[in-house]
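# Structure assessment
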Amino acid sequence: GLNKAAREFVVVSPMCDWNWKEVPKPWVSELVLALRSALWIDHRRIYVSGCSMGGMSTWEVSAAQPELYAAIAPVAGHHNEQRQPFIASRLSNTPCCV
């Protein structure tokens, strides 16, 4: 239950400073890199998910540095159609639940 989650899960939910027309800022990946260095973080089990604008950001953030994430789960994430080839090529080896 809740006690197990408190001992074994870390959830980070940053407040974004971009809008849905923009690519997420690099500080999101920098935050993940900083957290990854903590001894209590299992760097092999870092997942990204988000809904709506967060879904778009999930695609973009994970495509920017796919090696940081074990898997992604974007929900209702719209993104610029011109970015599809880049995102697809970068995430071709990343497990994705859509």
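Here the structure is a predicted model, which means the values were calculated and not measured.

Helices and strands together make up the secondary structure of the protein chain, namely four helices and two strands. Each helix and strand of the protein chain, ordered N terminal to C terminal, gives the series α-α-β-α-β-α. Computed over the C-alpha atoms, the radius of gyration of the protein chain is 14 Å, within 12% of the 13 Å expected from 2.2 N^0.38 for a compact globule of 98 residues. Structurally, the protein chain occupies a C-alpha span of about 45 × 25 × 25 Å along its principal axes. Within the protein chain, the fraction of its 98 residues that count as buried is 30%. For the protein chain, the share of sequence-separated contacts (at least 6 apart) that also reach a separation of at least 24 residues comes to 57%. Taken as two groups, the 9 positive and 8 negative side-chain charges of the protein chain have centres that lie 7 Å from each other.

Before going further, it helps to examine helix α3 (residues 53–64). Since the α-helix packs 3.6 residues into each turn, any two residues three or four apart lie on the same face. The first and last C-alpha atoms of α3 sit 16 Å apart over 12 residues, in line with the 16 Å expected at 1.5 Å per residue. Buried residues dominate α3, accounting for nine of its 12 residues. The complete set of buried residues in α3 reads Gly55, Met56, Ser57, Thr58, Trp59, Glu60, Val61, Ser62 and Ala63. Of the surrounding secondary structure, the elements contacted by the buried residues of α3 are α2 (27–36), β1 (47–51), β2 (71–75) and α4 (84–90).

Looking at α2, one finds that the buried residues are Val28, Ser29 and Val32. One face of α2 carries all of its buried residues, which in axial projection span an arc of 95 degrees. The inward-facing, buried residues of α2 abut α3.

Our focus in this paragraph is unusual backbone geometry. Positioned with a positive phi, Ser52 is a non-glycine residue whose angle comes to about 65 degrees. Topologically, Ser52 is positioned in the loop between β1 and α3. Residues other than glycine seldom take positive phi values, yet Ala76 does so here, at roughly 50 degrees. Tracing the backbone shows Ala76 in the loop between β2 and α4. The exposure class assigned to Ala76 is exposed, which follows from its relative accessible area of 63%.

Our focus in this paragraph is the nonpolar core. Formed by 16 residues in total, the largest nonpolar core has its most connected members in Val32, Ile46, Trp59, Tyr69, Ile72, Ile87 and Leu91. Where this core is concerned, the elements lending two or more residues are α2 and α3. Apart from the residues lying within four places of it in its own chain, the contact partners of Val32 are Ile46, Leu68 and Tyr69.

Rules behind the numbers
Residues numbered from 1 in each chain as written. Predicted model: local features only at pLDDT ≥ 70, side-chain atom pairs only at ≥ 80, totals over all residues. Heavy atoms only, no water. Helix = DSSP H or I, 4+ residues; strand = E, 2+ residues; numbered from the N terminus. Rg over C-alpha atoms; globule rule 2.2 N^0.38 Å. Buried < 20%, exposed > 50% of the residue type's maximum accessible area, 1.4 Å probe, protein only. Contact = heavy atoms within 4.5 Å. Lys, Arg positive; Asp, Glu negative; His and termini not counted. Charge placed at Lys NZ, Arg CZ, Asp CG, Glu CD. Expected span 1.5 Å × (residues − 1). Arc of directions from axis to C-beta. Core = buried A, V, L, I, M, F, W, Y, C linked by side-chain atoms within 4.5 Å.

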